[in-house]
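# Report on the structure
Residue strings, one per chain:
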Amino acid sequence: MEVLKAANRRQAEGHDVLHMEVGEPGGGPPPRAVAAAAEALKNGTRIGYTEANGVPSLRARVARHYRDAYGVTVDAARVVITTGSSAGFLLGFLAAFGDGARIGVSEPGYPAYRNVIESLGMTAVGIPTDAAARFQMTPAMLDAALPLDGLVVASPANPTGTMLSASALAETARWCAAHRVRLISDEIYHGITFGTPAETALASSPEALVVNGFSKYYAMTGWRIGWMVVPTDLVGAAERLSQNLYISPPTLSQIAAEAAFDDTAFLDAKVAGYARTRAHLLEVLPRAGFDRLAPADGAFYLFADVSALTGDSAAFCERMLRETGVATTPGIDFDPVRGNRFLRFSIAGPAEDMKKAADRLIDWRKRL
Ligand SMILES: Cc1ncc(COP(=O)(O)O)c(C=O)c1O
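Residues numbered from 1 in each chain as written. Predicted model: local features only at pLDDT ≥ 70, side-chain atom pairs only at ≥ 80, totals over all residues. Heavy atoms only, no water.

## Quick look at the site of the ligand
For the record, the criterion: For each residue, the test is whether any non-hydrogen atom lies within 4 Å of the molecule or strand; if one does, the residue is near. We call two N or O atoms a polar contact when they sit within 3.5 Å, provided that within protein one can donate a hydrogen and the other can accept it, with sequence-adjacent residues counted only if both atoms are side-chain atoms. Every accessible area reported is derived by Shrake-Rupley at a probe size of 1.4 Å, with residue values counting cover from the shown protein chains alone. As a working rule, the residues Ala, Val, Leu, Ile, Met, Phe, Trp, Tyr, Cys and Pro are called nonpolar, Asp, Glu, Lys and Arg charged, and the rest polar, with Gly in that last group.
The immediate surroundings of the ligand are formed by 13 residues, with Ser-86, Asp-186, Tyr-189, Ser-215 and Lys-216 found nearest. Within the side chain of Ser-85, an N or O atom sits 2.8 Å from an oxygen atom of the ligand. One of the side-chain nitrogen or oxygen atoms of Asn-158 is found 2.8 Å away from an oxygen atom of the ligand. Coverage of the ligand by the protein chains reaches 91% of its 400 Å² of free accessible surface. Looking at the shell around the ligand residue by residue, the classes come out as five nonpolar, five polar and three charged.

## Here's the deal with the packing of helix α4 (residues 84–96) against helix α5 (residues 111–119)
Just so we agree on the cut-off: Each axis is a line fitted through C-alpha atoms, taken for helices only over the stretch in contact, and angles between the N-to-C directions span 0 to 180 degrees. A run of H or I in DSSP counts as a helix once it spans at least four residues, and a run of E counts as a strand once it spans at least two, with each numbered from the N terminus. The scheme is simple: roughly parallel for angles under 35 degrees, roughly antiparallel for over 145, roughly perpendicular for 65 to 115, oblique for anything else. Here is the rule for handedness: rotate from the far helix to the near one, and if that takes an anticlockwise turn smaller than a right angle the crossing is left-handed, while a clockwise turn gives right-handed. We call two residues contacting when some pair of their heavy atoms lies within 4.5 Å.
Contact geometry of α4 with α5 gives a least axis separation of 10 Å together with a crossing angle of 45 degrees. By the angle between their directions, the pair α4 and α5 is classed as oblique. In this structure, the crossing between α4 and α5 has a hand that is right-handed. Residues Phe-89, Leu-90 and Phe-93 of α4 form the contact with α5, whose own contacting residues are Tyr-113, Val-116 and Ile-117. Partitioning the contact of α4 with α5 into residue classes produces six nonpolar, no polar and no charged.

## With respect to the nonpolar core
The test is simple: Buried Ala, Val, Leu, Ile, Met, Phe, Trp, Tyr and Cys residues form a nonpolar core when they are joined through side-chain atoms within 4.5 Å. Each residue is placed in one exposure class: buried if its accessible area under a 1.4 Å probe, protein chains only, is under 20% of its type's maximum, exposed if it is over 50%, and partly exposed if it falls in between. An automatic or database domain assignment supplies the residue ranges for each domain.
One finds Phe-290 and Phe-345 to be the most contacted residues of the largest nonpolar core, which totals 76 residues. Take this core: its biggest share by element is six residues, from helix α12 (residues 351–367). When residues of this core are assigned to domains, at least three map to each of domain 1 (2–29 + 265–367) and domain 2 (31–262). Ignoring sequence-local partners within four residues, the contact set of Phe-345 consists of Met-20, Leu-285, Phe-290, Phe-300, Tyr-301, Leu-302, Ala-304, Thr-328 and Leu-361. Listed in part, the 25 residues of the second largest apolar core include Val-80, Ala-101, Val-152 and Ala-238.

## Considering helix α1 (residues 2–12)
Our working definition: Taken from the helix axis, the directions to the C-beta atoms give the arc we talk about.
Of all the positions in α1, only Val-3, Ala-6, Ala-7 and Arg-10 are classed as buried. Down the axis, α1 shows its buried residues gathered within 100 degrees of arc, on one side only. Away from the buried face of α1 by more than 90 degrees, exposed residues Arg-9 and Ala-12 are located. Tucked inside the fold, the buried residues of α1 contact β1 (18–19), α11 (313–324), β10 (326–327) and β11 (329–330).

## Overview of the sheet that holds strand β9 (residues 301–305)
As a general point, the strands of a sheet are linked pairwise by backbone hydrogen bonds and lie either parallel or antiparallel. Keep this limit in mind: Only when DSSP finds a minimum of two bridges between them are two strands counted as paired.
The antiparallel open sheet is built from three strands, whose spatial order is β9-β12-β11. Looking along the sheet, the strands with just one partner apiece sit at the ends: β9 and β11. Note that β9 and strand β12 (residues 342–346) share five bridges and pair antiparallel. Note that in β12 the partner of Asp-305 across the bridge is Phe-342.

## Examining the sheet that holds strand β8 (residues 226–229)
Pairing in this open sheet of seven strands is mixed, and the strands run β2-β8-β7-β6-β5-β3-β4 from one edge to the other. Two strands close off the open sheet at either side, each with one partner strand: β2 (79–82) and β4 (123–128). Strand after strand, the sheet turns through a mean of 25 degrees between neighbouring axes, direction not considered. In terms of strand pairing, strand β6 (residues 182–186) meets strand β7 (residues 209–213) through three bridges, oriented parallel. From the neighbouring strand, Ser-185 faces β7, where its bridge partner is Val-210. Packed onto the sheet, helix α7 (residues 166–178) meets β5 (150–154) and β6 and runs at close to 175 degrees relative to β5.

## As for the pattern of salt bridges
For clarity, the cut-off: Each salt bridge in this description consists of a side-chain nitrogen of Lys or Arg and a carboxyl oxygen of Asp or Glu lying within 4 Å of one another.
Scanning the model with the defined rule gives 14 salt bridges in all. Arg-67 is the partner of Asp-68 in a salt bridge, and the nearest nitrogen-oxygen pair spans 3.3 Å. The shortest N-O distance in the salt bridge between Arg-367 and Asp-363 comes to 3.6 Å. Within this pair, Arg-367 and its partner Asp-363 are both found in helix α12, separated by four residues, close to a single helical turn. Taking the relative accessible area as the measure of exposure, Arg-367 reaches 54% and is therefore exposed.

## Examining the environment of Leu-91
Note on placement: Leu-91 falls in helix α4. A C-alpha to C-alpha distance of 8.5 Å links Leu-91 and Ala-237, two positions 146 residues apart in sequence. Leaving out residues up to four positions away in the same chain, Leu-91 has contacts with Val-80, Thr-82, Met-228, Ala-238, Leu-241, Ser-242, Leu-245 and Tyr-246.

## Considerations on the domain arrangement of the protein
For an interface, size is often stated in terms of accessible area lost upon the parts coming together. Definition in use: Here the quantity called buried area is the total loss of accessible area, with a 1.4 Å probe, experienced by two parts when brought into contact, counted for both.
Here the domain parsing of the protein yields domain 1 (2–29 + 265–367) and domain 2 (31–262). Each of domain 1 and domain 2 has a C-alpha centre, and these two points are 26 Å apart. Taken together, the contact pairs 30 residues of domain 1 with 34 residues of domain 2. Taken together, both faces of the contact between domain 1 and domain 2 bury some 2,700 Å²; the carbon and sulfur share is 64%. Sorting the residues of domain 1 by area buried against domain 2 places Pro-29, Leu-267 and Asp-297 first, and these three jointly supply 23% of that buried surface. Counting every contact that joins domain 1 to domain 2 gives one salt bridge. Here Arg-134 ties to Asp-297 by a salt bridge, and the two come within 2.8 Å at their closest N and O atoms. When contributions to the side of domain 1 that touches domain 2 are tallied by element, the ones reaching two or more residues are α10 (264–284), β9 and β12. When residues in the side of domain 1 that touches domain 2 are grouped by element, the largest group, eight residues, is from α10.

Here you go:
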């Protein structure tokens, strides 16, 4: 966010900035979602509060999505619509855990897990992963983090884009069951994969708490709409929490989100665009010195080990922004311990900008 502020400041001063720092899809939301929202406004559909866990038709549509996409049966009563997946984490952690709970999070990992857990008076237990393990947690790493009450996994993950195979995810679920650890699976990047499609944790663990939403594959960040699938024993707690924290998720966004499920051709074309950009960058970034990239199985990130170029990636990103206009995110945001050795490229921006950015970095490297 600091890089984003610096990048925006430079842009406001008239400099040309190429954005590879924000994890946000470009190119607009699905047209059917926009049309459904416009239609609802035109028709005078009442945009009042809804049931706290979301409108029944959207909950049923999410349940159907599990059958269509994964072949997994989910009871719509277990689906909780949330204000972005961010609210899903808040509700999920509060519903599932008490004060002082110890919840394992991958390092590197999405920083909000840690920040939300700590803000709730729980303890985020950092579990260091590495390139050899594709930056995903292995059972041996999990053993070393015990005792734990909960564990957050993400596949594809932010910032690395790496995935757990279906069998590795099932193994993680078995490990959680054996150690009575509640599994929380962040599946927000499902749909954006470049090889094998992602598996849901629900395929191996009906007890898992799954968090997902419409911000990434569905490209609806500002609509602030997401969902959770929770075990039956947590449905009531999730409902009471959403009633008290924000009454109900945004109604217009719920209408739009339901229609978004039917716009897969539009959304898959976006993913094809990310795939083309990814292939190009994987080919050319090594020429700029970024030759140690995590396997980018999914999401829209390239996570680079820059320890051969710098010992301080924050200063490196700042200099890169100043000298090339390319904004990236230093690894310290994702890993408080070893983050200085890494940076993250977000490749979700317009293809032309991404190509231009790579050209500038190659040129910069020659001049260094
Ligand atoms: C891994 C991961 N989970 C969750 C989120 C939150 O997304 P939202 O609240 O927009 O659904 C993000 C956003 O960048 C993310 O990268």
